[in-house]
Amino acid sequence: MRCGFKTFLADYDFLDVVHAVGDIDEVNEYIKSNLVDILISEMSFANVSPIDLIGKVKSINPEINVVFFTTQDQQIYSVPLLRAGAIGFLSKNINQKTVNTYKNRMMHKLNVNNMFDLYLQAKNMNLV
């Protein structure tokens, strides 16, 4: 899973995947000694709930943004995760038509014509 996710994200030039970990202890050790802007995590760790994961990460470095990427039901989990401090919830089940619809809406609202300009707008708004 980690290898596939890393490969998927490698297609995006504005992202630099620096490390992939397998358990909460590795997460803790890595973020204690490395600069991390964003943590993208699956929701299922063996020893910790996603809410607890957010708490542990934020206790080490409150500036780290946490995003969950999962097949879990967004309608059930997104609000509690956002309340706990996550900045986003990405569904593995979201289809391309839905993605394109949201992308086009954002581009229209931000008055941009391409993905690079959309990224720059998001960066200016501290969203990435």
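Residues numbered from 1 in each chain as written. Predicted model: local features only at pLDDT ≥ 70, side-chain atom pairs only at ≥ 80, totals over all residues. Heavy atoms only, no water.

Visitor: Would you take a moment to explain the pairing of strand β3 (residues 88-91) for this structure?
Guide: Each regular strand carries side chains that alternate between the two faces of the sheet. Sheet analysis places strand β2 (residues 65-70) next to β3, joined by four bridges and oriented parallel. Residue pairing across strands places F68 opposite F89, the latter belonging to β3. The parallel pair β2 and β3, bridged by helix α4 (residues 74-84), forms a crossover whose chirality is right-handed. (Pairing = 2+ DSSP bridges. Helix = DSSP H or I, 4+ residues; strand = E, 2+ residues; numbered from the N terminus. Right-handed = clockwise from strand over helix to strand, strands pointing away.)

Visitor: Before we go on, may I ask you to explain the nonpolar core in this structure?
Guide: In terms of nonpolar packing, the biggest core is built from 19 residues, with V27, L53, V57, F68 and L81 touching the most fellow members. Listing elements by their share of this core, those giving two or more residues are α2 (24-33), α3 (50-60) and β2. The biggest single contributor to this core is α2, with four residues. In contact with V57, other than residues within four places in its own chain, are V27, I31, L39, I64 and V66. (Core = buried A, V, L, I, M, F, W, Y, C linked by side-chain atoms within 4.5 Å. Buried < 20%, exposed > 50% of the residue type's maximum accessible area, 1.4 Å probe, protein only. Contact = heavy atoms within 4.5 Å.)

Visitor: Could you clarify how one ought to interpret the sheet that holds β3 in this entry?
Guide: What holds strands together in a sheet is hydrogen bonding between their backbones, with the strands either parallel or antiparallel. If you walk across this open sheet you meet the three strands as β1-β2-β3, and the pairing is parallel. The outermost strands of the open sheet, each flanked by one partner alone, are β1 (38-41) and β3. On average, adjacent strands in this sheet sit at an angle of 20° to one another, irrespective of strand direction. Across four bridges, the pairing between β1 and β2 is parallel. Considered in β2, the bridge of I40 is made with V67. Set on the sheet, α3 makes contact with β1 and β2; between it and β2 the angle comes to about 155°. (Axes fitted to C-alpha atoms, helices over the stretch in contact; angles between N-to-C directions.)

Visitor: Honestly, the pattern of salt bridges in this entry has me stumped. Any pointers?
Guide: Two side chains of opposite charge can pair, provided their charged atoms sit close to one another. Applying the stated rule across the entire model yields one salt bridge. Across the pair K32 and E29 runs a salt bridge whose closest N-O atoms are separated by 4.0 Å. Of the two residues, K32 and E29 are both situated in helix α2; the distance of three residues between them amounts to about one turn of the helix. We classify E29 as exposed; its relative accessible area is 52%. (Salt bridge = Lys/Arg side-chain N within 4 Å of Asp/Glu carboxyl O.)

Visitor: Help me out: how do you make sense of the packing of helix α5 (residues 96-110) against helix α6 (residues 115-124) in this one?
Guide: Packing of α5 against α6 brings their axes to within 10 Å, and their N-to-C directions diverge by 70°. Relative to α6, α5 is oriented roughly perpendicular. As for how α5 packs across α6, the hand of that crossing is left-handed. For the pair α5 and α6, the contacting residues are K103, M106, M107 and L110 in the first and M115, L118 and Q121 in the second. (Parallel < 35°, antiparallel > 145°, perpendicular 65-115°, else oblique. Left-handed = near helix turned anticlockwise from the far one by under 90°.)

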